[in-house]
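# Overview (structure and organization)
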Amino acid sequence: DAILGRDDRLLEKIRLAADTIDASFVALLGTPVPAVIGTDFRALRRMGEARVGLLFLPVETTGTGLCDEGAERAYLRLFETFAADSLPAERGRIGVLGATPLDGSDLALGTKLKAVLAAQGWRKVCCYGMGSGLSDVRSASAAEENLVIAPSGLAAAQYLKDRFGTPYRASYPVLPPLPEIAGTRVLILHQQIYANALREKLEQCGKEVTVGTWFALQDDWKSPGDFRLTQEDQLPEAVRGYDAVIADEALRPAAEDYSGQWVDLPHFAVSGRLIL
């Protein structure tokens, strides 16, 4: 149906699904076939809203980019659509952007973030996408501050700042315990904000830490020497000279003859493994 552009069948299936669940909107997410045949998402939205009676949110992904790019677009479209009202800032309320199992590698991440932030004095923690629903998105302008824990949340945080004046900062307050790290020079391979938070922790112990990532690398959050990888065969050269590498175990075979300490740090977007 997708290859032949049978949009009427797609919309009928959506209508039947909407009759069986309590849905607030319909998200249309692009995959490679719609990208190749040039599916008109705006037309689908107009036809779908008329036939189904729900708001349609098209996110024009292609299924060939990285997951953080798609998550960034989805977050932004969600807040552009629903965070419409400018509300007074609510003291003690914080929004968390970028919390997904893909980058957090933990299905309980939302619960853990709420507990840690509550202990820091935040009375209301809105963890968008992992525990907080559409009502919190609609009232997002009431947040006193937003916390970005992965690059996928940056565009939405900037949008909320530009539109409502909500300040934001980047940090990752839920970190795993690490074993004793050998040597001084350490390389962390993960999403940038998570890796930066680990770096800060290790630098307090006298380590010299570099961050590398296969995903988005924001200049504002970089330190000298940080880098982005795009090909698997870049890894052997990237790890050379480091006493320890902190990264998902799934990457280790690609590091070939690396003989230093390898500390396993699961990254679901890389290996499909969760922190248990």
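Reference entry: report on the structure contained in this document. What you see is a predicted model; the values in this text were computed from it and never measured. (Residues numbered from 1 in each chain as written. Predicted model: local features only at pLDDT ≥ 70, side-chain atom pairs only at ≥ 80, totals over all residues. Heavy atoms only, no water.)

Packing of helix 1 (residues 7-20) against helix 3 (residues 41-52) leaves a shortest axis separation of 10 Å and a crossing angle of 40 degrees. For the element pair helix 1 / helix 3, the angle class is oblique. By crossing handedness, the relation of helix 1 to helix 3 is classed as right-handed. Note on element contacts: helix 3 touches helix 1 through Leu44, Met47, Gly48, Arg51 and Val52, opposite Asp7, Asp8, Leu10, Leu11, Glu12, Ile14, Arg15 and Ala18. Tallied by class, residues from the contact of helix 1 with helix 3 come to 7 nonpolar, 1 polar and 5 charged. (Axes fitted to C-alpha atoms, helices over the stretch in contact; angles between N-to-C directions. Helix = DSSP H or I, 4+ residues; strand = E, 2+ residues; numbered from the N terminus. Parallel < 35°, antiparallel > 145°, perpendicular 65-115°, else oblique. Left-handed = near helix turned anticlockwise from the far one by under 90°. Contact = heavy atoms within 4.5 Å. Nonpolar A, V, L, I, M, F, W, Y, C, P; charged D, E, K, R; others polar.)

The next subject is the sheet that holds strand 7 (residues 185-189). Within the open sheet, the 5 strands sit side by side as 9-8-7-10-11. Their pairing is parallel. With partners counted over all chains shown, the strands left at the sheet margins are strand 9 (227-228) and strand 11 (261-264), one partner each. In terms of strand pairing, strand 7 meets strand 10 (residues 244-247) through 3 bridges, oriented parallel. Bridging from a neighbouring strand, Val186 pairs with Ala244 of strand 10. In the packing of helix 9 (residues 192-203) onto the sheet, contacts are made with strand 7, strand 8 (208-213) and strand 10, and the angle to strand 8 comes to roughly 170 degrees. (Pairing = 2+ DSSP bridges.)

Looking now at the pairing of strand 10. Taking every second residue as pointing to the same face, both faces of strand 10 are buried, with Ala244 and Ile246 on one and Val245 and Ala247 on the other. Note: strand 10 against strand 11, 4 bridges, orientation parallel. Note on strand 11: the bridge partner recorded for Ala244 is Gln261. (Buried < 20%, exposed > 50% of the residue type's maximum accessible area, 1.4 Å probe, protein only.)

A word on the pattern of salt bridges. In total, this model carries 13 salt bridges according to the counting rule given. A salt bridge links Asp219 to Lys222, with the shortest nitrogen-to-oxygen separation between them at 3.8 Å. What emerges from the salt-bridge pattern is a single network uniting Glu12, Arg15 and Asp19. (Salt bridge = Lys/Arg side-chain N within 4 Å of Asp/Glu carboxyl O.)

Moving on, we get to unusual backbone geometry. Note: most peptide bonds trans; most residues except glycine with negative phi. Not every positive phi belongs to a glycine, and Ser105 is a case in point at roughly 55 degrees. Inspection of the secondary structure assignment puts Ser105 in the loop between helix 5 (101-104) and helix 6 (109-119). Of the residues examined, Ser105 reaches a relative accessible area of 0% and is grouped as buried. With a phi close to 55 degrees, Glu256 is a non-glycine residue in the positive phi region. Residue placement: Glu256 occurs in the loop between strand 10 and strand 11.

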